[in-house]
Structure formats: C-alpha cells, structure tokens
Amino acid sequence: MSADHESNMLHGAVAGIAGGLIASWVMNEFMAGPGKKIQAAVEGAVHTDQPQQQQKKDGKEEDATMKAADAVVEITTGGRHLSHEGRKKGGPIVHYSYGALMGGLYGSAAEYLKASRAGLGTVFGSLLFVAGDLIAVPAFGLGPSATEQPASAMVNPFAAHLVYGSTTEVVRRAVRAIW
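Residues numbered from 1 in each chain as written. Predicted model: local features only at pLDDT ≥ 70, side-chain atom pairs only at ≥ 80, totals over all residues. Heavy atoms only, no water.

J.: Looking at this structure, I do not really get the overall build of the protein chain. What am I missing?
T.: In terms of regular secondary structure, the protein chain is built from seven helices and zero strands. For the protein chain, the N- to C-terminal ordering of α and β elements is α-α-α-α-α-α-α. A sequence separation of at least 24 residues applies to 77% of the contacts in the protein chain between residues at least 6 apart. Accessible area of the protein chain: about 10,300 Å², with a carbon and sulfur share of 65%. (Helix = DSSP H or I, 4+ residues; strand = E, 2+ residues; numbered from the N terminus. Contact = heavy atoms within 4.5 Å. Areas by Shrake-Rupley, 256 points an atom, 1.4 Å probe, with all protein chains shown as cover.)

J.: Help me understand helix H4 (residues 64-77), please; the structure alone is not making it clear to me.
T.: Because an α-helix packs 3.6 residues into every turn, residues spaced three or four apart end up facing the same way. Compared with the 20 Å implied by 1.5 Å per residue over 14 residues, the 20 Å span of H4 between its first and last C-alpha is a close match. Looking at H4, one finds that the buried residues are Thr65, Met66, Ala68, Ala69 and Asp70. Those residues of H4 that are buried lie in contact with helix H5 (84-112). Within two residues after H4, Gly78 carries a phi angle of roughly 75°, on the positive side. (Expected span 1.5 Å × (residues − 1). Buried < 20%, exposed > 50% of the residue type's maximum accessible area, 1.4 Å probe, protein only.)

J.: Can you help me understand unusual backbone geometry in this one?
T.: Unusually for a residue other than glycine, Leu120 sits at a positive phi of about 55°. Residue placement: Leu120 occurs in the loop between H5 and helix H6 (122-139). Given the relative accessible area of 36%, Leu120 is considered partly exposed.

J.: Is there a simple way to think about the packing of H4 against H5 in this case?
T.: Relative orientation and spacing of two packed helices are given, respectively, by the angle between their axes and the distance between those axes. At a closest axis distance of 7 Å, the pairing of H4 and H5 adopts a crossing angle of 100°. Between H4 and H5, the interaxial angle falls into the category roughly perpendicular. The segment H4 lies against H5, with Thr65, Met66, Ala68, Ala69 and Asp70 engaging His84, Arg87, Lys88, Gly90, Gly91, Val94 and His95. When grouped by side-chain class, the residues that make up the contact of H4 with H5 number four nonpolar, five polar and three charged. (Axes fitted to C-alpha atoms, helices over the stretch in contact; angles between N-to-C directions. Parallel < 35°, antiparallel > 145°, perpendicular 65-115°, else oblique. Nonpolar A, V, L, I, M, F, W, Y, C, P; charged D, E, K, R; others polar.)

J.: Whenever I open this one, the packing of aromatic side chains confuses me. Can you help?
T.: The geometry of an aromatic ring pair is captured by two quantities: the separation of the ring centres and the angle between the planes. Scanning all chains against the criterion turns up three aromatic pairs. Between Tyr106 and Phe124, the ring centres sit 4.2 Å apart and the planes meet at 20°, which makes this aromatic pair stacked. Placement of Tyr106 in helix H5 and of Phe124 in helix H6 is noted, with a sequence separation of 18 residues between them. You can call Tyr106 buried: its relative accessible area is 4%. For the ring pair Phe129 and Phe158, a centre distance of 5.2 Å and an interplane angle of 70° mean the geometry is edge-to-face. Of this pair, Phe129 sits in helix H6 while Phe158 sits in helix H7 (residues 155-178), and the two are 29 residues apart along the sequence. (Phe/Tyr/Trp six-rings, centres within 6.5 Å; stacked < 30°, edge-to-face > 60°.)

J.: Sorry, what's going on with the nonpolar core here?
T.: As a rule of thumb, nonpolar side chains are buried together in soluble globular proteins. Listed in full, the eleven residues of the largest apolar core are Ala23, Met27, Phe30, Met102, Tyr106, Phe124, Leu128, Ala159, Ala160, Val163 and Tyr164. Listing elements by their share of this core, those giving two or more residues are helix H1 (9-32), H5, H6 and H7. Sorting elements by how many residues they give to this core places H7 first, with four residues. With residues near it in sequence (within four places) discarded, Tyr164 still touches Gly20, Ala23, Ser24, Met27, Gly99, Met102, Gly103, Phe124 and Leu128. (Core = buried A, V, L, I, M, F, W, Y, C linked by side-chain atoms within 4.5 Å.)

As structure tokens, then:
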C-alpha cells in the first residue's frame, strides 16, 4: 500500500472482491489452457482430455461447484435438486461467489496484515487450495480426497490456486492504488 492511502477495511474488501472475481475468471482460463498442458506433462500423457470429453458427452461429469450449487438449492428449497443443466449453470455462480468472498476476506486482511500478502498472493492461493480442495471438498462429499487420487491429479488445481492468489493480489493492489 502506498503512503497516500491509509488502511481501510472496506476499501480493502472491495478491492479484494474485484481481485477475487477477476482471479476466478483467470483461474478458469488457466485450468482450461496452460493448466491442462502442465497436467499432461506431469502425468506423461499425450491426450489427457480424451476421457474428460467422453465424460462430458455422457453428461456425467460434475465438479465440486456443480455439486455445491445443487446442495445450496436442496437446503434452501427443502429438498429440491437441480437438473444436470441447472448444475452446469449453478457451478459458475458458486465459483465466482466463492472467489469474490475469499477475495474480499483477503483484501480486508491485506489492509492490516502484511504477512497475508506474502509471495504476491501465492501463500493465500496455497492456503485456499489446502482448505478448499484438500479439506472442505472431500469433507462435504463434493469430490474425492487426496488419498483417493494420484498426487499428480492435484497439479492443475494447485497451480490454478497460485494463479488465483497472485491475480487477486495484483488486482487488489491496482484498485487500492487508485482508491
């Protein structure tokens, strides 16, 4: 933070929300592009998206955000469930909402705790990966645990969280520099 700005939790939260939203989009783009290539290189596979395309054709692939969207609807409506198409629409809403919420919390913390900005946001991204992908997702039955899949399956999600964290920090800094 520059000397021109005093710490302000609200400004930090808003800057973090902006960072979290943009970072959520960048994270998606990373996972679909460079992340897939990194994953393939780590696994030594030439055509890693072949099984995924088959799953998508069958309409069976559901990620944690799609399952979370269905769980939110089930809880708030007293038992109704989303169709697969509804889950496909609800998944991004969950993803961006979570990204904005975490960004806002990060932005607030970054106003007062210099350590929270460590590694240009990569420590933050790493903590989200551990708390979300390794702990919360399996605990809530939204996906397999780390022990139920090869360690190499975590490369793309972990790298994507590093991208999310650093993008959140870069955007947060840019917003706070002007506000």
